[in-house]
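Inside the fold
One-letter residues, chain by chain:
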Amino acid sequence: MFNDNEYRFGAFASLVALILVFALTIMAFKALEPPREGSSPAQWTVAAPEPNATVVPTFGS
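In what follows, the accompanying structure is described. (Residues numbered from 1 in each chain as written. Predicted model: local features only at pLDDT ≥ 70, side-chain atom pairs only at ≥ 80, totals over all residues. Heavy atoms only, no water.)

Each helix and strand counted, the protein has one helix and zero strands in total. Per-residue burial for the protein yields a buried fraction of 0% across its 61 residues. Looking at the protein as shown, the accessible area adds up to about 6800 Å², and 67% of this sits on carbon and sulfur atoms. (Helix = DSSP H or I, 4+ residues; strand = E, 2+ residues; numbered from the N terminus. Buried < 20%, exposed > 50% of the residue type's maximum accessible area, 1.4 Å probe, protein only. Areas by Shrake-Rupley, 256 points an atom, 1.4 Å probe, with all protein chains shown as cover.)

Set out below in structure tokens:
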């Protein structure tokens, strides 16, 4: 009635689903953890963009 390929595909799909559920569960618990005591958020400083250079033609000697 069923061949081995269908069983293999079903087992592979079940394994992938189990891994995804496990990963999502870990991510959910990580998101609910309280922040650590000694850690502060990163302080990112971004420099202002460089002004555009203007080209001035020179007609000189």
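On the surface, Phe12, Val16 and Leu20 cluster together into a nonpolar patch covering about 290 Å² of accessible area. Along the chain, Leu20 turns up in helix 1 (residues 4-32). (Patch = residues over 30% accessible without salt bridge, like charges linked within 9 Å, V, L, I, M, F, W, Y side chains within 5 Å. Salt bridge = Lys/Arg side-chain N within 4 Å of Asp/Glu carboxyl O.)

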